[in-house]
Structures are given as structure tokens and as C-alpha cells.
Amino acid sequence: MSIVENPASPVEYLRVSAPAKINLHLEVLGLRPDGFHELAMVMQSIDLADLLEMRKTQDGVISLCCDDSTLSTDKDNLIIRAADLLRSRLGVKDLGVAIRLEKKIPIGAGLAGGSSDGAATLIGLNSLWNLKLTSIQLEKFAAELGSDMPFCLAGGTQLCFGRGERLEPINSDTSKVSMAILLVKDPSISVSTPWAYARCRELNASRYLKCENDFEHRRNELRKESWLNPLRASDPPSLRNDLQSVVASATPSVRNALKLLADLPGALSFGMSGSGPSCFALYSDYENALLDLESSRNIFENEGFQTWCCPLRFKGVMLYS
Ligand code: C5P
């Protein structure tokens, strides 16, 4: 399998890997005039990815099928919305695509699975339909579709400000970063992101920062955090997530996940990802994560959790020929 970043000539068929992300830091700074929250985040790709197979058609039809029948393949799916957006904006109405999605990232988990699938669709169709969009143009389309989607395009480790769409990549020496996570999620639970932010506002708005100067002060503090410069296991992130207490207080399975993760002997730190309900523990390397998973798998499964072990990943969406 060869990775094709920018295929030299248009292709008829592509496979695209769409990785999940976790939040190493999610800080709610305040409210924005558009009603969204002003955020200061560090997002990190992980090596748990959906796979999209995309075949170009000339019938003007955008179709999607998925191996997980619980996922909607209608117009609310970000894959369909991304394809529709490109087709209507770029006037390529005769072109179509048949997409098959192999779902590996848990749905409604706070891992940006839907956003990463949408980002993969933008990058895949840019090649398949020979649109020649630049990464800046792709980022703009991504930001129209969702706050997490611009990050998902290039992935890796990035500071994400604004709604989440203002990106500042962190260039760690990735050959020296071997950190991994143990990830857990109760398959019967999902959390609505709008609900989590609305509840956060109800509980915390009186403590929100009020002006751009204060926002920028916090952004600068985060930019200078020692754990980020560079990312390394010897000074691990403390994993702040301002949505965690909001979601945990209403979601027993998140409280239980955090309690079980706190007991893992080899973990560097632990927390919830995004608006949950998935939670993870961070490890210096994959072997240590696997050791803790093997000794605690039964405990997690008995409590109704699915488990994964995966290294951090320093690339976002990847095309394969
Ligand atoms: O942009 P996205 O569709 O992912 O956002 C989902 C919802 O999460 C928004 O409608 C909003 O209620 C909330 N949100 C927010 N502030 C952000 C990002 C999301 O309040 N920065």
C-alpha cells in the first residue's frame, strides 16, 4: 500500500484513513458573539482510524454505505455534507462518488470520528474530482462544516483556538515521542456536544473571561507550557478538560471510567476527551499501555466498557492508492 499525499494524476479510486483525536487540553475561555465558546485546546491525533473507500462516478450521485448500521448515512452525516458542500460550491454537479465507510472510531464519543470522516472526504474528493484546492481552501470548507474538522485535516499535535478552527501546529520531534493511550467507552452512552457546552455555560458563565486581551493572555500561557515544548513522556500533560466535571456530574459511566482509570498503575495521567463520554489514560509507550490493558481488561468489560490501546499519531487524514 503506498501513501499518496498528492497524486500526480487524477485517480478513479482512493482509500483514505481518518484518525480519531483526543484532547490533551480543553479550556473554555469565554463566550463569542456568534454564540459558540471561545476555546484554547491542544488536540492530538491517535492511531485509531476509520477507513473510507471512495470511487469516482459520473452520475452526479453521492452515495454512502457503512459497515455499522447504527450510523446515519443521510444528509446529517458529515461525509455527505462535505461532498455536497464541495459539489455545490465548485459547480461540479455532474461528478459523483460512491463511498464505503469502515467504522472503527466509536460514534458520539468525543473523539471527532464524524469530523475526521468529513475531513477525509474533503481531501479524498480534492484528489478524486481533481479540484486542486489548497490546504487553506480545504481548511475554510472544513471550518464551515464543524469546529473540530480543520484540525482533523492535518492532525498531529496542534493548538486550536477560536471555535477550535484557529490552528497552530506543534512541531515535536515525533521520532522521540512514543506515548500511547488506553481508551475506554461505554457503547450504550453518547453525549450531545451542544448539551455539554450549554450546561457548561449554565454552570460556569459567571467565571468566564470577558475580553480578547484576557483570552490572548491565556493563549500565550498555553503556548509556553513546558509539557508542550516539546511533547514528551518525562513532563506529561496534566490533561485539563473544562467539560469533564460538567459531563461527569450528569453521566455515571464517565465517573466510573475516570475512577477505574485512576487505579491503573502505569498511567502518567488520565481524563475525558472532548465532550465525552470516552476517557483515556496516557502512557509513556504502547507496551506500558498494553500491560495495564491486559491486567484490567476484565474489570473494564465487566463494567460495560469497550477498550482500545493505541499510540499517538502525528498525521491526520492520509490517502492511499
Ligand atoms: O462546530 P460543531 O458542530 O462541532 O459544534 C457543535 C456544538 O457544540 C455547537 O452547536 C455549539 O453548541 C457547541 N460548541 C460551542 N463552542 C465551540 C464548539 C462547539 O459552544 N467552540
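Anything mentioned here points back to the structure above.
Residues numbered from 1 in each chain as written. Predicted model: local features only at pLDDT ≥ 70, side-chain atom pairs only at ≥ 80, totals over all residues. Heavy atoms only, no water.

Peer 1: Help me out: how do you make sense of helix H6 (residues 212-223) in this one?
Peer 2: Owing to its 3.6 residues per turn, the α-helix aligns residues three or four sequence positions apart on the same side. A rise of 1.5 Å per residue sets the reference length of H6, with its 12 residues, at 16 Å; its end C-alpha atoms lie 16 Å apart and thus fit the reference within 8%. Taken residue by residue, H6 has Phe215, Arg218, Arg219 and Leu222 as its buried positions. Buried residues of H6 fall within an arc of 105° about the axis and therefore sit on the same side. Packed against the buried residues of H6 are strand E1 (13-31), strand E2 (37-57), strand E5 (157-162), strand E6 (166-169) and strand E8 (240-241). (Helix = DSSP H or I, 4+ residues; strand = E, 2+ residues; numbered from the N terminus. Expected span 1.5 Å × (residues − 1). Buried < 20%, exposed > 50% of the residue type's maximum accessible area, 1.4 Å probe, protein only. Arc of directions from axis to C-beta. Contact = heavy atoms within 4.5 Å.)

Peer 1: What should I look at first to understand the side chain of Ser296 in this one?
Peer 2: Tracing the backbone shows Ser296 in helix H9 (residues 286-302). From its side chain, Ser296 meets the backbone oxygen of Asp292 in a polar contact 2.6 Å long. (Polar contact = N/O pair within 3.5 Å; in protein donor to acceptor, adjacent residues only side chain to side chain.)

Peer 1: Could you clarify how one ought to interpret the site of the ligand in this entry?
Peer 2: The environment of the ligand is made up of Phe36, His37, Leu39, Gly146, Ser147, Arg163, Thr193, Pro194 and Tyr197. His37 is positioned such that a nitrogen or oxygen atom in its backbone is 2.8 Å from a nitrogen atom of the ligand. Between a nitrogen atom of the ligand and a main-chain N or O atom of Arg163, the distance comes to 3.0 Å. Burial of the ligand by the protein amounts to 72% of the accessible area it has alone, namely 450 Å². At the level of elements, E2 and helix H5 (193-204) are the ones that each hand at least two residues to the shell around the ligand. Per element, the largest residue contribution to the shell around the ligand is 3 residues, and it comes from H5. Split into classes, the residues belonging to the shell around the ligand amount to 4 nonpolar, 4 polar and 1 charged. In this structure, the shell around the ligand is formed jointly by two domains, domain 1 (3-171) and domain 2 (178-211 + 242-313), each of which donates at least three residues. (Near = heavy atom within 4 Å. Areas by Shrake-Rupley, 256 points an atom, 1.4 Å probe, with all protein chains shown as cover. Nonpolar A, V, L, I, M, F, W, Y, C, P; charged D, E, K, R; others polar. Domains from an automatic or database assignment.)

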